[in-house]
Amino acid sequence: MDEQRGTVTIPVGDAQLPADLMLPAQPVGVVLFAHGSGSSRHSPRNVAVARTLNERGLGTVLADLLTPAEDEVDARTAELRFDIGLLASRLAGIVDWLAVERPAGHVPIGLFGASTGAAAALVAASSRADRVAAVVSRGGRPDLAEDALAQVRTPTLLLVGGLDEEVITLNERALAELGEVGELRVIPGATHLFEEPGTLEQVADQAGTWFTTHLNR
């Protein structure tokens, strides 16, 4: 299979979701990104992490989880960005599409979630344990996954900035619910958005190692 890159439209229920695919010639796995509240598939931080994963031989899928019409509503009301059930169902639908259509071939699937997208990723992982092999959360709100946390059976890495004290506490509580499948790592000197020099690179490096370890089995 040759390297593939481009934008596709993925049908999920009655929604048509645009997604940017980047698939190396021989991917060892494919990682689906769930962006945070108020963001999109064009999030510069997620795009940067995806580029690092591509260099590690992983395919990436950066998808919008809301339709353009829903985005317009959310821009005014901010009501849909915290609808974890909706976002998780959209993610699960894209996971199913990847598993059935197999644009990356027969490779394991991972989920990378940022902020509220991390909660959606964990809920989706709990409902698709047979299809999702690894999860990474960046500055995430895994606590918003609520009861689904205890149902997660997928190896999950929680990455939090060392200066993001409130979110560290929320991740520590979530870790207790995740149990032995979870691991929490703190990136020293980083705030919530990992804007400090070198901190996002650490996220990308640790995520790359987590995914290549758990998807290459």
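Enquirer: Would you mind going over helix H1 (residues 44-55) in detail, with residue names and values included?
Expert: Compared with an ideal rise of 1.5 Å per residue, which puts twelve residues at 16 Å, H1 spans 17 Å between its outermost C-alpha atoms and is within 8% of the ideal. Of the residues making up H1, those classed as buried are Asn 46, Val 49, Ala 50, Leu 53 and Asn 54. Across the axial projection of H1, the buried residues extend over an arc of 145°, all falling on one side. When the buried face of H1 is taken as reference, the exposed residues oriented beyond 90 degrees from it are Pro 44 and Glu 55. As for H1, its buried residues are in contact with strand S2 (15-23), strand S3 (29-34), strand S4 (58-63), strand S5 (109-114), strand S6 (132-138) and helix H6 (199-215). Just past H1, the residue Gly 57 takes up positive phi, approximately 90°.

Enquirer: An account of the nonpolar core is requested, with residue identities and associated values reported.
Expert: With 45 residues, the main nonpolar core has Val 30, Leu 32, Leu 91, Ile 94, Leu 98 and Leu 111 as its most contacted residues. Broken down by element, the residue count for this core peaks at eleven residues, all from helix H3 (residues 84-101). Discounting chain neighbours no more than four positions away, the residues touching Leu 111 are Val 31, Leu 32, Val 95, Ala 121, Ala 124, Ala 125, Val 132, Ala 134, Val 135, Val 136 and Phe 211. Counting residues in hydrophobic clusters, the runner-up holds 22 residues, among them Leu 58, Ala 134, Leu 157 and Phe 211.

Enquirer: Provide a residue-level description of the side chain of Arg 138, including the pertinent values.
Expert: By the element assignment, Arg 138 lies in strand S6. Not counting residues up to four positions away in its chain, the partners in contact with Arg 138 are Arg 45, Asn 46, Phe 112, Gly 113, Ala 114, Ser 115, Leu 159, Leu 193, Phe 194, Leu 200 and Val 203.

Enquirer: With reference to specific residues and values, describe unusual backbone geometry.
Expert: With a phi close to 55°, Ser 115 is a non-glycine residue in the positive phi region. Note on placement: Ser 115 falls in the loop between S5 and helix H4 (116-127). For Ser 115, a relative accessible area of 16% puts it in the buried group. Notably, Phe 194 is not glycine yet its phi reads approximately 55°, a positive angle.

What counts, and where the lines are drawn
- Residues numbered from 1 in each chain as written.
- Predicted model: local features only at pLDDT ≥ 70, side-chain atom pairs only at ≥ 80, totals over all residues.
- Heavy atoms only, no water.
- Helix = DSSP H or I, 4+ residues; strand = E, 2+ residues; numbered from the N terminus.
- Expected span 1.5 Å × (residues − 1).
- Buried < 20%, exposed > 50% of the residue type's maximum accessible area, 1.4 Å probe, protein only.
- Arc of directions from axis to C-beta.
- Contact = heavy atoms within 4.5 Å.
- Core = buried A, V, L, I, M, F, W, Y, C linked by side-chain atoms within 4.5 Å.

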